[in-house]
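This is what each chain is made of:
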Amino acid sequence: MDFVMEKEALVAGTSNGHLLLYNVDDNATETVGRVEGGVKCISPSPDGDLLAVVTGFGQILVMTHDWDLLYETSIEEPTEEIDVIPTENKIKVNTDAAIFDSSNCYSYSFVAKDHSDELVEAQSRCARGVAAPEVAEPIGTEKILAG
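Residues numbered from 1 in each chain as written. Predicted model: local features only at pLDDT ≥ 70, side-chain atom pairs only at ≥ 80, totals over all residues. Heavy atoms only, no water.

## What to know about the sheet that holds strand E5 (residues 39–44)
Rules: Should DSSP find at least two bridges between two strands, the strands are taken to pair. Here a helix means four or more residues in a row that DSSP labels H or I, a strand means two or more in a row labelled E, and each is numbered from the N terminus. Geometry is summarised by axes, namely lines fitted to C-alpha atoms with helices restricted to the contacting stretch, and by angles between N-to-C directions that run from 0 to 180 degrees.
The four strands are arranged E5-E6-E7-E8 in an open sheet whose pairing can be described as antiparallel. Of all strands in the sheet, those bounded by a partner on one side alone are E5 and strand E8 (69–74). Averaged over all pairs of adjacent strands, the angle between strand axes in this sheet comes to 15°, irrespective of strand direction. In the sheet, E5 pairs with strand E6 (residues 50–55) via five bridges, with the strands oriented antiparallel. Note on E6: the bridge partner recorded for Cys 41 is Val 54.

## Regarding the pairing of E6
Rule in force here: Three labels apply to residues, based on accessible area from a 1.4 Å probe with only protein chains included: buried if under 20% of the type maximum, exposed if over 50%, partly exposed otherwise in between.
Taking every second residue as pointing to the same face, the buried face of E6 carries Leu 51, Val 53 and Thr 55, while none of Leu 50, Ala 52 and Val 54 on the other face is buried. Note: E6 against strand E7 (residues 59–64), five bridges, orientation antiparallel. Residue pairing across strands places Val 54 opposite Ile 60, the latter belonging to E7. Counting the residues in the hairpin turn of E6 and E7 gives three residues, including Gly 58, whose phi is positive at 80°.

## What to know about the sheet that holds strand E10 (residues 105–113)
Strands sit in the order E9-E10-E11 across an open sheet of three strands; the sheet is antiparallel. Looking at strand neighbours, the two that pair on one side only are strand E9 (92–100) and strand E11 (119–128), the edges of this open sheet. Sheet twist, expressed as the mean angle between neighbouring strand axes with direction ignored, is 10°. Sheet topology places E10 next to E11; nine bridges connect them, and they run antiparallel. Paired with Lys 113 across the two strands is Leu 119, which belongs to E11.

## Remarks on the pairing of E7
Taking burial as the measure, the six residues of E7 include five buried ones, the bulk of the element. Bridge count between E7 and E8: five bridges; the pairing is antiparallel. Among the inter-strand pairings, Val 62 is bridged to a residue of E8, identified as Tyr 71. Turn length for the E7-E8 hairpin, with the two strands adjacent in sequence and antiparallel, is four residues, and the turn residue Trp 67 shows positive phi of about 70°.

## Some remarks on the pattern of salt bridges
Keep this limit in mind: For this analysis, a salt bridge means a side-chain nitrogen from Lys or Arg found within 4 Å of a carboxyl oxygen belonging to Asp or Glu.
A complete count under the given rule lists two salt bridges for this structure. Its salt-bridge partner being Glu 36, residue Arg 34 comes within 3.4 Å of it at the nearest N-O pair. Assessed through its relative accessible area of 47%, Arg 34 is described here as partly exposed. Where Asp 117 meets Lys 113, a salt bridge forms, and the shortest distance between an N and an O atom there is 3.8 Å. In this structure Lys 113 comes out as partly exposed when scored by relative accessible area, which is 31%.

## Quick notes on the side chain of Asp 114
Our working definition: The convention is simple: Lys and Arg are positive, Asp and Glu are negative, and His and the chain ends are not counted. Counted as a polar contact is a pair of N or O atoms within 3.5 Å, where, for protein atoms, one must be capable of donating a hydrogen and the other of accepting one, and residues adjacent in sequence contribute only when both atoms are in side chains. By definition in these notes, contact holds between two residues if any of their heavy atoms fall within 4.5 Å.
Summarising the element assignment, Asp 114 is placed in the loop between E10 and E11. Despite its burial, Asp 114 pairs with no opposite charge; the closest candidate is Lys 113, at 8.7 Å N-O. There is a polar contact of 2.9 Å between the side chain of Asp 114 and the backbone nitrogen of Glu 118. Filtering out sequence-adjacent residues up to four positions away, Asp 114 remains in contact with Ile 85, Pro 86, Lys 90 and Val 120.

## Section: the environment of Ile 75
Position of Ile 75 relative to the elements: it lies in the loop between E8 and E9. On the accessibility criterion, Ile 75 (32% relative accessible area) is partly exposed. Note: C-alpha distance between Ile 75 and Thr 55 (20 residues apart in sequence) is 9.8 Å. Residue contacts for Ile 75: discarding those within four places in its chain leaves Val 54, Gly 58, Gln 59 and Ile 60.

Right, here's the structure in full:
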């Protein structure tokens, strides 16, 4: 998740591949796209003109703020998992969701850590109802962002 000045909004990617744009002023979340394989990381370029998205399939996608794909390239996945620690004054947010068919509910959660890997905030909530796996996490992300 990162703040995009050009859109004056937060942009977030989910493990299901949804690209979300959260407008802070309007308190509204919009799904602006979806990438195959899920989103591992999303980050603006240093000048803020472009967004880079790393997918779960090992692709780097570079796009404009209008979501036009400029190029993509493959990367090799490391053999061991690497924990990405954000740079100073940035926060890393991990989200997840689980569906419990037998009890007709789903849960969603997030963990936010700062550049020193210290916990900033964590929340987990359960909601009644049926949600498809590909939408449970975006729904939870929207509800958590809305407070």
